[in-house]
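# A closer look at the structure
Listed below are the residues making up each chain.
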Amino acid sequence: MYTPLPVVILISGRGSNLQAIIDRTGSGELPIEIRAVISNRPDAAGLEHASLSGLETRVIDHTDYADRETFDQALQACIDSYMPGLVVLAGFMRILTPGFVHHYQGRLLNIHPSLLPEFPGLNTHQRAIDAGKREHGASVHFVTEDIDGGPVLLQVSIPVREDDDAATLAARVLREEHRLYPQAICWFAEKRIFLDESGHIRMDGKLLDQPALLPAGTDAAC
Ligand code: GRF
């Protein structure tokens, strides 16, 4: 048995990954305690999911702050009041300052809808189609100052179909994201995976020289 890991989840919008994490926590598969869900947008739909599940929600509206530094300081103070062992970015659409990222080094995860290092940034699905990719997917990585460039711990890969457009591809990737993120969070919570002092990922005591791959379509073995 594990003591549940205290977690804070940051969102900006829809919150479907948040919902997947809530569901897996509620079913007892994820050994975490979600202490708060924080949004930088007051109208984020994910806040509703969180409230309906009885979770504490907070809004730190970035438009109330003069610059990135003061916003990140306020966000950091809010997060730290919950004393999380892990901070999960789940569709949190803000560029973070180096000070913020450094403060949470090794306990800040993000999910990105591409097979990183391919297609960092936005519009990943259309860019994968335009590039003629046969495979596309999603990645969970530790966050570093390099946007979408931190060490990747887990990926899922799916085939791109001939008739895919960005919307159909995004929908299939998103379904996989909902298995991928809980799996990565579970490994972190169980201390199976961590970022070592030199910035390398270790899994089950060994250096992870390439991301672990979650087989598509199977149930995550948390
Ligand atoms: C996901 O595609 C995630 O990979 C990206 O932002 C999107 C968030 O979707 N970082 P949701 O808010 O979790 O539904």
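Just above sits the structure.
Residues numbered from 1 in each chain as written. Predicted model: local features only at pLDDT ≥ 70, side-chain atom pairs only at ≥ 80, totals over all residues. Heavy atoms only, no water.

### Quick word on the sheet that holds strand β10 (residues 206-207)
As summarised here, the arrangement of the three strands in space is β8-β9-β10, forming an open sheet in which the pairing is antiparallel. Edge strands, defined here as strands with exactly one partner in the open sheet, are β8 (193-195) and β10. (Pairing = 2+ DSSP bridges. Helix = DSSP H or I, 4+ residues; strand = E, 2+ residues; numbered from the N terminus.)

### Section: the pattern of salt bridges
Summed over all chains, the structure comprises eight salt bridges. Among the salt bridges present, the one from Asp204 reaches Arg192, with a minimum N-O distance of 2.8 Å. Within this pair, whereas Asp204 is found in the loop between β9 (201-203) and β10, its partner Arg192 is found in the loop between α6 (166-189) and β8, the two being separated by 12 residues in sequence. Since its relative accessible area comes to 45%, Asp204 is described here as partly exposed. (Salt bridge = Lys/Arg side-chain N within 4 Å of Asp/Glu carboxyl O. Buried < 20%, exposed > 50% of the residue type's maximum accessible area, 1.4 Å probe, protein only.)

### Some remarks on unusual backbone geometry
A cis geometry characterises the amide bond from Leu116 onward to Pro117, with omega recorded as 15°. Along the chain, the position of Pro117 falls in the loop between β5 (108-112) and α5 (124-130). A positive phi angle, close to 50°, is found at Met83, a residue other than glycine. Locating Met83 in the fold gives a position in the loop between α3 (68-80) and β4 (86-89). Of the residues examined, Met83 reaches a relative accessible area of 60% and is grouped as exposed. Positive phi values are uncommon outside glycine, yet Asp148 reaches one of about 55°. Assignment of secondary structure puts Asp148 in the loop between β6 (135-142) and β7 (152-159). Taking relative accessible area as the criterion, Asp148 reaches 15% and is therefore assigned buried.

### Regarding the side chain of Arg172
Counting through the fold element by element, Arg172 comes out in helix α6. A relative accessible area of 11% places Arg172 in the buried class. At a separation of 2.9 Å, a polar atom in the side chain of Arg172 contacts the main-chain carbonyl oxygen of Pro159. Those residues in contact with Arg172 that sit more than four places away from it in its chain are Ile158, Pro159, Val160, Arg161 and Asp164. (Polar contact = N/O pair within 3.5 Å; in protein donor to acceptor, adjacent residues only side chain to side chain. Contact = heavy atoms within 4.5 Å.)

### Digging into the packing of aromatic side chains
One pass over the structure, following the stated rule, counts three aromatic pairs. The ring of Phe71 has Arg94 sitting right over it, with the charged end atom 4.8 Å from the ring centre. (Phe/Tyr/Trp six-rings, centres within 6.5 Å; stacked < 30°, edge-to-face > 60°. Lys NZ or Arg CZ within 6 Å of the ring centre and 35° of its normal.)

### Thoughts on the pairing of β7
The buried fraction of β7 is high, at six of eight residues. Relative to β7, β6 runs antiparallel, the two being bridged by seven bridges. Bridge pairing in β7 links Val140 to Leu154. Pairing of β7 with strand β11 (residues 212-213) involves two bridges; the strand directions are parallel. Across the sheet, Leu154 pairs through a bridge with Ala212, a residue of β11.

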